[in-house]
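Next come the chains, spelled out residue by residue.
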Amino acid sequence: MPTFSNPVLPGSRPDPSICRVGADYYLVTSSFAYFPGLPVHHSRDLVDWTPLGHVVDRPSQVSLTGLDVSDGLWAATIRHHEGTFYVVVTLARGRRGSITYLFTASDPAGPWSDPIALDAEGIDPSLFFDDDGRCWFTACRDAAEPEVTGPGELWMRELDLHKKELTGPTYALWHGAVRGAWVEAPHLYKRDGVYHLIAAEGGTEHHHAVTAARAESVTGPYTTDPRSPLLTHRHRGAAEPVHNVGHADLVDTPAGETWAVVLGTRPTDGTHTLGREVFLVPVEWTDRGPVFAPETGRVGLSERLPAGVAAPPEQDGRPMRDDFAGPAPGPEWTGLRGPVDDLVSSRPGEGGLTIRLSPEPLTSTGTPAFVARPQRHLRMRAAARVRLIAPGPGQEAGLVVFQNDRRHAALALTVDSDGTRQVVLTAVEEGISTRLGAVPVTGTEVVLAVDSDESAYTFHLEGGARSTLGSIERPFFSTERAGGFVGVHLGLYGTSGTGEGEAHVRWFEYVPGRD
């Protein structure tokens with residue numbers, strides 16, 4: 001039987017939501033403080049996904065200034081109704097929901113509308129379009145009586161599609177299947193006249209799980225599905241390759257199948273660096289409700305292809321080389337908290353990336369001269385050819401393994417106060433910078449590289465004679481050590497104490513290893 005490899009969207013792409021229009025599938029994931037925000041991916045087979053654009057691509061839409069990397073845009077839902085795409089999302093500050101936004105578009109590639117702030121508390125908003133054309137908004141919030149019901153509550157109001165505002169009474173739907181655990185990520189589906197409320201419980205780490213309730217009326221009352229959790233890996237041992245499974249969203253295929261996208265992680269020796277990734281799981285509908293992974297009861301690294309997909313599509317395992325020949329860096333490249341167009345730009349017709357050195361360091365909560373893309377494979381090699389133009393003291397540019405602003409490692413071409421040029425490896429932990437190695441160089445252009453595997457990230461200066469500047473143990477960059485919700489991103493950056501100077505990146509290369 002032909003199979004595909006999970007995850008279908010590797011690297012830090014958590015909280016997936018999906019919809020289908022005809023033969024096309026569209027998927028959106030959380031982006032936190034990265035900008036542009038809320039990446040949209042497209043597929044024709046549910047397995048091979050292509051970046052399409054971003055919902056938030058203008059600073060006038062949403063301000064991310066000053067936010068922690070793991071705050072920002074959380075857990076969006078994408079839906080389509082009568083020619084319009086809808087995305088609802090939470091803007092989080094201090095790890096709590098701050099504002100709920102609604103965006104619309106006629107084309108999922110954009111442009112998306114300016115946001116409309118909805119009168120909604122909590123996080124993880126979702127939309128459900130009923131058969132009568134009414135639209136219902138759901139989200140999760142703190143329960144009014146946590147000592148009685150448990151800490152979380154799923155709630156609902158109607159969304160007026162013409163006025164783009166919530167209207168009518170608020171309905172408390174459900175407090176979850178596992179009392180004492182927070183319930184979140186609600187999505188509603190209707191099957192044979194029954195409303196199925198799918199949610200997540202147990203947090204987004206080891207105890208993450210998919211749970212469910214059902215009702216005869218859209219506003220309830222909802223009764224817990226006694227089979228809950230319907231999908232979890234919390235009971236599986238350390239050798240299980242996929243952990244932290246949850247946050248499911250369902251989609252029906254033209255062939256009549258149902259599949260779920262869920263998030264999960266691939267830890268090594270108890271820690272993971274790639275972040276929460278998108279996995280694809282078959283779903284079977286029964287009289288009792290949905291059955292996830294009906295043949296195995298688990299999310300595997302290999303799964304049968306969806307019906308109608310004749311051959312395994314070409315998945316993400318190819319080397320990638322970016323010469324930045326287009327008018328702008330591609331959609332996989334993002335900066336932090338705001339647009340970097342005035343700091344980082346492609347050179348159409350010439351190729352390469354120009355970085356205007358900024359006084360904003362990577363340790364700040366501002367917008368540094370920095371672009372990055374998620375690391376997708378545990379074993380990989382990333383390299384870049386970097387040149388400092390008219391180098392001066394206090395200038396540096398290079399390659400960074402970025403977990404967050406307080407935990408990352410940079411391999412950079414630098415210029416000391418006496419004009420000496422070096423390639424320097426620096427690690428930042430809890431905001432404190434430590435120099436781990438340095439190699440003097442004579443030119444203004446170098447090739448910088450990093451290799452990663454199960455044990456470590458090893459940093460090199462390449463050229464006539466390869467120099468290894470040092471290694472950092474892999475768990476240093478893990479979510480378990482760093483906290484937060486993001487995985488490692490591989491970036492290019494440039495800084496200068498005076499804000500003067502430029503760097504030129506001729507190319508960036510990413511070569512997956514064999515996991």
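Here the structure is a predicted model, which means the values were calculated and not measured.

**Some thoughts on the overall build of the protein**
Thinking step 1. Within the protein, the secondary structure is distributed over two helices and 39 strands.
Thinking step 2. Here the C-alpha radius of gyration of the protein, 23 Å, is about what a compact globule of 515 residues would show, namely 24 Å.
Thinking step 3. Per-residue burial for the protein yields a buried fraction of 59% across its 515 residues.
Thinking step 4. Taking as baseline every contact in the protein between residues at least 6 positions apart, the subset at least 24 positions apart corresponds to 58%.
Thinking step 5. When the accessible surface of the protein is split by element, carbon and sulfur atoms take 47% of a total near 19400 Å².

**Looking at the sheet that holds strand S21 (residues 258-265)**
Thinking step 1. Taken together, the four strands give an open sheet; going across it, the order is S20-S21-S22-S23, and neighbouring strands pair in antiparallel fashion. With one partner strand each, in any of the chains shown, strand S20 (243-252) and strand S23 (289-292) form the two edges of the open sheet. On average, adjacent strands in this sheet sit at an angle of 35° to one another, irrespective of strand direction.
Thinking step 2. Note: S21 against strand S22 (residues 277-286), seven bridges, orientation antiparallel. Residue Leu263 lies in a different strand from S22, and its bridge partner there is Val278.

**Examining the side chain of Arg79**
Thinking step 1. For Arg79, the location among the structural elements is in strand S7 (residues 72-81).
Thinking step 2. A distance of 3.5 Å separates the side chain of Arg79 from the side chain of Ser17, its partner in a polar contact.

**Re the nonpolar core**
In a soluble, globular protein the nonpolar side chains are often hidden away together inside.
Thinking step 1. Counting 45 residues, the largest nonpolar core has Val423, Phe459, Leu492 and Phe508 as its most contacted members.
Thinking step 2. Here the element with the most residues in this core is strand S30 (residues 380-389); it accounts for five residues.
Thinking step 3. Within the second largest apolar cluster, 33 residues are counted, among which are Tyr195, Leu336, Ala372 and Ala412.

How each quantity is defined
Residue numbers run consecutively from 1 along every chain, following the written order of its sequence. The predicted nature of this model means local features are confined to residues of pLDDT at least 70 and side-chain atom pairs, given and counted, to a pLDDT of 80 or more, with totals for whole chains, interfaces and linings taken over all residues. To obtain the side-chain values, all non-hydrogen atoms of the structure were used and water was disregarded. Secondary structure counts use DSSP, requiring at least four H or I residues in a row for a helix and at least two E residues in a row for a strand, with both numbered from the N terminus. As defined in this context, the radius of gyration uses C-alpha atoms, and a globule is described by 2.2 Å times the residue total to the power 0.38. Each residue gets one of three labels from its accessible area relative to the maximum for its type: buried under 20%, exposed over 50%, partly exposed in between, using a 1.4 Å probe on protein chains only. Contacts are assigned to residue pairs that have any heavy atoms within 4.5 Å of one another. Every accessible area reported is derived by Shrake-Rupley at a probe size of 1.4 Å, with residue values counting cover from the shown protein chains alone. Between any two strands, at least two bridges found by DSSP are needed for them to pair. All axes here are fitted lines through C-alpha atoms, helices being fitted over the stretch that makes contact, and every angle between N-to-C directions spans 0 to 180 degrees. Nitrogen and oxygen atoms within 3.5 Å of one another constitute a polar contact, given that in protein one can donate a hydrogen and the other can accept it, and given that sequence-neighbouring residues count only through two side-chain atoms. Joining through side-chain atoms within 4.5 Å is the link that ties buried Ala, Val, Leu, Ile, Met, Phe, Trp, Tyr and Cys residues into a set, and such a set is a nonpolar core.

That's the geometry; what it means functionally is another story.
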